[in-house]
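# Coordinates in review
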Amino acid sequence: MSGAVDLSGLKQPPASAPAAASGGDYAVNEANFETKVLRRSVQVPVVVALYSQRSPGSVELVKTLERLVGESGGAWDLAIVEAETNMRIAQAFGVQGIPTVIAVAGGQPLADFQGAQPEAQVRQWLSAVIDAVAGKLPGGEEPEEAPEDPRFVAAETALEQGDYAGAEAAYEAIIAAEPGNEEAKGALRQLRFLGRAQVLPESAIATADADPDNVDAALDAADVEMLNQQPEAAFDRLIGVVKRSAGDERTKARTRLLELFELFDQAEPFVVAARRKLAAALY
């Protein structure tokens, strides 16, 4: 299950995280999950056992794991989580039943099993986990994040202050110095779209619907639909204009449509579908 679960949401616990009801030194809850599981798993694999006190089988499994981790010589660590009082942890792992045991290494789930298991099978599973990560963990704390690029910080600060012109100039300067900087190009595209769309009235859609041959009205309506998080509607509107128009008006609609495509990951299914529709409209 490596990479199948996103645990990043548990790096910032809620203001008041529920305490684990038991588990001794190995008890983990939402408040200490980042320290005891994510950070610790950079040094050694951490076996997370989600259990319920109302499940005798899961209680027995926890006792087995407590005994085995004591015999491990520090080869792995244990985190005992009472699922009923730590629902966010259970949800993050996609737990379907109790008990569930997940090995976390390098901050990512590595392997898991569900249900009570004989000690011999648990030992075999633990051995496989340890072998899988041998020599692959950094053995220290998570590396510090690279410092933020001051040029992007300046652009983002200007944007937060409502200085669209200043933010645009900052991104343009980055691109002038680094023509291949895709992050700056993407930010500039988003900024220009927002600057254009945020001043349009909601009535732009009704105006365009009432006058389908008005290309400028269609462009405005598509921007408002994008701003309202209706990209497919915006794409279909402009593809319709491309079908019905010719010459400069068709070029204008096609150019705006391509600009809107660039606001998204090009692998998004709705973008791929819209590109196919555009090709059909053109040819």
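Structural notes, computed from the coordinates. By convention here, each chain's residues receive numbers from 1 onward along its written sequence. Only residues with pLDDT of 70 or above have their local features reported here, since the model is predicted, and side-chain atom pairs are shown and tallied only from 80 upward, although totals for entire chains, interfaces and linings are computed over all residues. Side-chain numbers come from the whole structure's heavy atoms, not from hydrogens or water.

## Focus on the side chain of Asn 86
What counts, and what does not: Working definition: helices are DSSP H or I runs of at least four residues, strands are E runs of at least two. Numbering for both runs from the N terminus. Pairing of N or O atoms within 3.5 Å defines a polar contact, subject to two protein rules: one partner must be a possible hydrogen donor and the other a possible acceptor, and residues neighboring in sequence count only if both atoms are side-chain atoms.
Tracing the backbone shows Asn 86 in the loop between strand 2 (77–82) and helix 3 (87–92). In this structure the side chain of Asn 86 is engaged in a polar contact, spanning 3.0 Å, whose partner is the backbone oxygen of Glu 82. A distance of 3.3 Å separates a polar atom in the side chain of Asn 86 from a polar atom in the side chain of Thr 85.

## Structural notes on the sheet that holds strand 2
The strands making up a sheet are joined through hydrogen bonds of the backbone, oriented either antiparallel or parallel. The following threshold applies: For two strands to be treated as a pair, DSSP must find at least two bridges joining them. Between the N-to-C directions of two axes lies an angle of 0 to 180 degrees, each axis being a line fitted to C-alpha atoms and, for a helix, fitted only over the stretch in contact. Note on contacts: a residue pair is in contact if any heavy atoms of the two residues lie within 4.5 Å.
The strand order 2-1-3-4 describes an open sheet built from four strands, whose pairing is mixed. One side of each edge strand has no neighbouring strand; the edge strands of this open sheet are strand 2 and strand 4 (108–114). Adjacent strand axes in the sheet meet at a mean angle of 20° when their direction is disregarded. The pairing of strand 1 (residues 46–51) with strand 3 (residues 100–105) spans five bridges and is classified as antiparallel. Pairing of Ala 49 across the sheet is with Val 101, part of strand 3. Across the sheet, helix 4 (residues 119–133) touches strand 1, strand 3 and strand 4, and the angle it forms with strand 4 is around 165°.

## With respect to the pairing of strand 3
Formally: Any residue under 20% of the maximum accessible area for its type is buried, any over 50% is exposed, and the rest in between are partly exposed; the area is computed with a 1.4 Å probe on protein chains only.
Across the six residues that make up strand 3, a large majority, six, are buried. Side chains of strand 3 alternate between two faces, with Thr 100, Ile 102 and Val 104 and Val 101, Ala 103 and Ala 105 buried alike. Bridging between strand 3 and strand 4 involves six bridges; their strand directions are antiparallel. Counted as the bridge partner of Val 104 is Pro 109 from strand 4. Linking two consecutive strands that pair antiparallel, namely strand 3 and strand 4, is a turn of two residues; a positive phi of about 60° is found at Gly 106 within it.

## Quick notes on a negative patch on the surface
Cut-off, in case you're wondering: Two distance rules govern patches: like charges are joined within 9 Å, and nonpolar side chains (Val, Leu, Ile, Met, Phe, Trp, Tyr) within 5 Å, applied only to residues with over 30% relative accessible area and no salt bridge. Each accessible area value is a Shrake-Rupley result obtained with a 1.4 Å probe; residue values ignore everything except the protein chains displayed when judging cover. In the sections that follow, a salt bridge refers to a side-chain nitrogen of Lys or Arg positioned within 4 Å of a carboxyl oxygen of Asp or Glu. Counted as positive: Lys and Arg. Counted as negative: Asp and Glu. His and the chain ends are not counted at all. Working definition for charges: the position is that of NZ of Lys, CZ of Arg, CG of Asp or CD of Glu.
Taken together, the side chains of Glu 148, Glu 156, Glu 160 and Glu 183 make up a negatively charged region of the molecular surface. Along the polypeptide, Glu 160 turns up in helix 5 (residues 150–160). Assessed through its relative accessible area of 71%, Glu 160 is described here as exposed.

## Observations regarding the nonpolar core
Note the threshold: Here, nonpolar core means buried Ala, Val, Leu, Ile, Met, Phe, Trp, Tyr and Cys residues that are tied together by side-chain atoms lying within 4.5 Å of each other.
Among the nonpolar cores identified, the biggest contains 22 residues, and Phe 193, Met 226, Phe 235, Leu 238, Leu 257, Leu 260 and Phe 261 are the most heavily contacted of them. At the level of elements, helix 7 (182–197), helix 9 (215–227), helix 10 (231–244), helix 11 (247–261) and helix 12 (269–282) are the ones that each hand at least two residues to this core. For this core, the leading source of residues is helix 10, giving six residues. Setting aside residues up to four positions removed in sequence, Phe 261 forms contacts with Phe 235, Gln 266, Val 271, Ala 274, Arg 275 and Leu 278. Core analysis: the next-biggest nonpolar cluster, separate from the first, contains 18 residues, Val 47, Tyr 51, Leu 61 and Trp 125 among them.

## Description of helix 9
Given 3.6 residues to a turn, an α-helix orients residues that are three or four positions apart in the same direction. Put simply, the rule is: For a helix, the expected span equals 1.5 Å multiplied by the residue count minus one.
Here helix 9 contains 13 residues, and its C-alpha end-to-end distance of 19 Å stays within 8% of the 18 Å for a straight helix at 1.5 Å per residue. For helix 9, a buried count of ten out of 13 residues is recorded, marking the element as mostly surrounded by other parts of the structure. Close packing links the buried residues of helix 9 with helix 7, helix 8 (204–210), helix 10 and helix 11. With a side-chain oxygen lying 3.2 Å from the backbone nitrogen of Asp 216, the N-terminal cap of helix 9 falls on Asn 214.

## Some words on the packing of aromatic side chains
For clarity, the cut-off: For this analysis, a ring pair means two rings from Phe, Tyr or Trp (six-membered ring only for Trp) whose centres lie within 6.5 Å, classed as stacked if their planes differ by under 30 degrees, edge-to-face if by over 60, and tilted for the remaining angles.
Applying the stated criterion across every chain yields a total of seven aromatic pairs. One aromatic cluster is present, formed by Phe 235, Phe 261, Phe 264 and Phe 270 through successive ring pairs.

## A look at the pairing of strand 2
Moving residue by residue along a regular strand, the side chains alternate between the two faces of the sheet. With six of six residues buried, strand 2 lies mostly within the body of the structure. Of the two faces of strand 2, both are covered, the one formed by Asp 77, Ala 79 and Val 81 as well as the one formed by Leu 78, Ile 80 and Glu 82. Direction of pairing for strand 1 relative to strand 2: parallel, over a ladder of six bridges. Along strand 2, the bridge assignment pairs Leu 50 with Val 81.

## Structural notes on helix 6 (residues 164–177)
For clarity, the threshold we go by: Throughout, the arc means that of the directions going from the helix axis to the C-beta atoms.
Here helix 6 is 14 residues long and its end C-alpha atoms lie 20 Å apart, about the 20 Å a rise of 1.5 Å per residue gives. For helix 6, the set of buried residues is Ala 167, Ala 170, Tyr 171, Ile 174 and Ile 175. The arc that holds every buried residue of helix 6, seen down its axis, measures 135°, which confines them to one face. More than 90 degrees from the buried face of helix 6, the exposed residues found are Ala 165, Ala 176 and Ala 177. Where helix 6 is buried, its residues contact helix 5 and helix 7.

## Thoughts on the side chain of Asp 77
Examined against the element boundaries, Asp 77 turns out to sit in strand 2. Of note is the side chain of Asp 77, whose polar atom sits 3.0 Å from the side chain of Arg 40.

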